[in-house]
Amino acid sequence: MASRSFALPLCVMLLVLAAPARGAVVRPGLPPPEEVMATLRQLETARARGRASAMDSELEAQSRARPGDLMPRMYRAWLTFPSDACWNELKALSTLDPENPWPFVGMGLIYVRWGLLAEARPPIAAALKQVPGFAPALWAQGVLLQAEGKPAEAEVRLREALAQLDAPQIRTSLALLLAGIPEREADARAELTRTVEAWPEQPEALRKLAQLARAANDVRAAATAGDKLVALKPRDKEAHRLQADLWLAASEKEKAAGSLERYAELGGVEPAALGLLARLYRELGRADAEDKALVRLVAAAPEDPEPLLRLAELAEARGDSKAAETHLVKASERAPARADIHVLRARLVLKQERHQDALAAYRAALAAPERRVAEAESEAAALVRHFRLPSQPARGTQDQIYNRVSLGLVALYMNRLQQTPGIKGNLKVQVQVDASGRATSVTVLYDSLNEAVITGHAHFAFMDAQYPPGPDTPVFQYVFRPPK
């Protein structure tokens, strides 16, 4: 097995260190194994529940009260496993009490955790030399063999240790080893079930048990293990995310959504998880909650237009056209090559009879290469007819373009005059042109006509015209005065 499959929970190290093997001769004067094991379980539980600081203070007081007793120092060192400070203290203890095998086992385990496998062998061997058959040292050897990619040898050594010392920590280590061996998942699950029943405060064991149960399609068992993990690590956002997957596998959508809510509240920003939360809200019919989840997703996935499209859909459904358009504009900025987004905006503003904005959006859609919409061309053509735009754009000198556009405007004005007698006023626009002779913007400077069709015609006619190219970027102004 590759060393990357090696998993070494602190809880395993703590308890195993404390327990001398049955039949092994340990120096008189050391605390009974059961007493030490219980203390080490308390230490690891305190770490898991975030109460290590209080435990550290208590151990410090014990060290001051009993300066000749090295065990409080041993326990206090293990509170920070596998830190440099922990190793340094264990090294100091091994010097002060060279006949005690536990500091040597501890140093070996730290080396394994650090990936310094060659350095781990001497202290573990020293512990076995001091106390032949010492179960914690056998366990450490098994962990080292696992890290070296020797799963069969590691299993033999771990079972040998377990036969002498049936501790949950050793059983957890064996279970995690088996979990990484093909076709041994069922054995791993049985071992994990037994060890977490004896000692539930094992986050890594609970996490792996939930994963194995899920893989075996035992969704209820998986969710139960996940619930225990969340109860143990309530501020672990990844635990809540795992639990959401487990609840979803059990078809508990409300509970899955609740787990993902907590994941997000704890700062989780993985787009896949936030997207799942939004989807669950949609399936549960909770539009307001979905809206909030989508806002989070928009921030977490700054290049994805999809959450903005869904936000636009929700906004339009509740009658907020302004918000819907804002979301569509932002979506088109994220994916300008997607024609379907431009079409969505065109159709939205067309419902508001904003024909000029609609045609501009349709033109953007027709120029976009991705996800083209078959109806876009005919819908855009209808707006071209609405504005009575010429089939060919005006071109030539500035005066020629002005005259050509003016003819169209006069014709359109006369037609509008028949429909709305007495309309009058002027229209003044400014056109910015680039060096190639293409208009880059058409700005209305003055419009007392207030005729949207005429204004739109002027906008597109001047925008489409081909102006004289030149090195400068000129600005032209045009004034339309209706005939008397």
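## Notes on the overall build of the protein
And then number 1: Helices and strands together make up the secondary structure of the protein, namely 24 helices and 3 strands.
And then number 2: Whereas a compact globule of 484 residues would reach a radius of gyration of roughly 23 Å, the protein reaches 37 Å, over 25% beyond that.
And then number 3: Seen through its principal axes, the protein has C-alpha atoms that stretch 120 × 50 × 45 Å.
And then number 4: Counting all 484 residues of the protein, 47% fall into the buried class.
And then number 5: For the protein, long-range pairs separated by at least 24 residues make up 59% of all intrachain contacts whose partners lie at least 6 apart in sequence.
And then number 6: A total accessible area of about 23,000 Å² is found for the protein, and carbon and sulfur atoms account for 51% of it.

## Some points on empty space enclosed by the protein
And then number 1: Using the criterion set out here, one finds 2 cavities of 30 Å³ or more in the structure.
And then number 2: Where the lining of the largest cavity is concerned, the elements lending two or more residues are α23 (398-419), β1 (427-433), α24 (452-464) and β3 (475-480).
And then number 3: Partitioning the lining of the largest cavity into residue classes produces 9 nonpolar, 1 polar and 1 charged.

## Some thoughts on the side chain of H327
And then number 1: Within the element layout of this structure, H327 appears in helix α19 (residues 321-334).
And then number 2: The class for H327 is buried, based on a relative accessible area of 17%.
And then number 3: Residues contacting H327, with those up to four places away along its chain left out, are L308, L311, A312 and A315.

## Side note on the nonpolar core
And then number 1: Counting residues in each nonpolar core, the largest one holds 107 residues, and the members touching the most others are L90 and W139.
And then number 2: By residue number, the principal contributor to this core is helix α8 (residues 135-147), which donates 9 residues.
And then number 3: With near-sequence residues (within four places) excluded, L90 lies in contact with M74, A77, W78, P103, G106, M107 and I110.
And then number 4: Core analysis: the next-biggest nonpolar cluster, separate from the first, contains 40 residues, A346, V453, A461 and A465 among them.

## Details of helix α7 (residues 117-130)
And then number 1: The terminal C-alpha atoms of α7, which comprises 14 residues, lie 21 Å apart, in line with the 20 Å expected from a rise of 1.5 Å per residue.
And then number 2: Within α7, burial applies to L117, A120, P123, I124, A127 and L128. Along α7, the residues classed as buried sweep out an arc of 145° about the axis, all on the same side.

## A look at the pairing of β1
And then number 1: Residues of β1 alternate between two faces, with L427, V429, V431 and V433 buried on one and K428, Q430 and Q432 left unburied on the opposite face.
And then number 2: For β1 and strand β2 (residues 439-447), the ladder comprises 7 bridges, and the chain directions are antiparallel. By the bridge assignment for β2, V433 is matched with A439.
And then number 3: Between β1 and β2, which follow one another and run antiparallel, lie 5 residues, and G437 among them has a positive phi close to 95°.

## Some points on unusual backbone geometry
And then number 1: Of note, the bond from F81 into P82 is cis; its omega dihedral lies within 30 degrees of zero at 0°.
And then number 2: Along the polypeptide, P82 turns up in the loop between α4 (71-78) and α5 (84-96).
And then number 3: Here the phi dihedral of S251 falls at roughly 65°; this positive angle occurs in a residue that is not glycine.
And then number 4: Summarising the element assignment, S251 is placed in the loop between α14 (237-249) and α15 (253-265).
And then number 5: One non-glycine residue, R388, lies in the positive phi region at around 50°.
And then number 6: In this structure, R388 sits in the loop between α22 (376-386) and α23.
And then number 7: Its relative accessible area of 45% is what places R388 among the partly exposed residues.

## Considerations on the packing of helix α11 (residues 185-198) against helix α12 (residues 203-215)
And then number 1: Where α11 contacts α12, the two axes come as close as 10 Å, and the packing angle between them is 140°. Taken together, α11 and α12 sit at an angle that is classed as oblique. Note that α11 runs across α12; the crossing there is left-handed. Residues E185, A188, R189, L192, T193 and V196 of α11 pack against A205, L206, K208, L209, L212 and A213 of α12.
And then number 2: The residue makeup of the contact of α11 with α12, split by class, is 8 nonpolar, 1 polar and 3 charged.

## Quick word on the sheet that holds β1
And then number 1: The 3 strands lie next to each other as β2-β1-β3, forming an open sheet whose pairing is antiparallel. The sheet is open, and its two borders are formed by β2 and β3, each paired with just one other strand. Averaged over all pairs of adjacent strands, the angle between strand axes in this sheet comes to 20°, irrespective of strand direction.
And then number 2: In the packing of α24 onto the sheet, contacts are made with β1, β2 and β3, and the angle to β2 comes to roughly 150°.

## Topic: the pattern of salt bridges
And then number 1: For the structure shown, the criterion picks out 38 salt bridges.
And then number 2: Among the ionic pairs, E313 bridges to R282, the shortest N-O distance being 3.8 Å. A residue pair is termed long-range when its members are at least 10 positions apart, and E313 in helix α18 (residues 306-317) and R282 in helix α16 (residues 271-284) qualify at 31 residues.
And then number 3: The class of R282 is partly exposed, set by a relative accessible area of 46%.
And then number 4: Between E325 and R345 there is a salt bridge; the shortest N-O distance is 2.9 Å. Within this pair, whereas E325 is found in helix α19, its partner R345 is found in helix α20 (residues 339-351), the two being separated by 20 residues in sequence.
And then number 5: Several salt bridges converge on common partners, so that one network encompasses D56, E60, R64 and R76.

Cut-offs applied
- Residues numbered from 1 in each chain as written.
- Predicted model: local features only at pLDDT ≥ 70, side-chain atom pairs only at ≥ 80, totals over all residues.
- Heavy atoms only, no water.
- Helix = DSSP H or I, 4+ residues; strand = E, 2+ residues; numbered from the N terminus.
- Rg over C-alpha atoms; globule rule 2.2 N^0.38 Å.
- Buried < 20%, exposed > 50% of the residue type's maximum accessible area, 1.4 Å probe, protein only.
- Contact = heavy atoms within 4.5 Å.
- Areas by Shrake-Rupley, 256 points an atom, 1.4 Å probe, with all protein chains shown as cover.
- 1 Å grid on protein atoms, 1.4 Å probe; cavity = no way out; pocket = protein on both sides within 12 Å on 5 of 7 lines; lining within 4 Å.
- Points joined across faces, edges and corners; volume = space filled by probe spheres on them.
- Nonpolar A, V, L, I, M, F, W, Y, C, P; charged D, E, K, R; others polar.
- Core = buried A, V, L, I, M, F, W, Y, C linked by side-chain atoms within 4.5 Å.
- Expected span 1.5 Å × (residues − 1).
- Arc of directions from axis to C-beta.
- Pairing = 2+ DSSP bridges.
- Axes fitted to C-alpha atoms, helices over the stretch in contact; angles between N-to-C directions.
- Parallel < 35°, antiparallel > 145°, perpendicular 65-115°, else oblique.
- Left-handed = near helix turned anticlockwise from the far one by under 90°.
- Salt bridge = Lys/Arg side-chain N within 4 Å of Asp/Glu carboxyl O.

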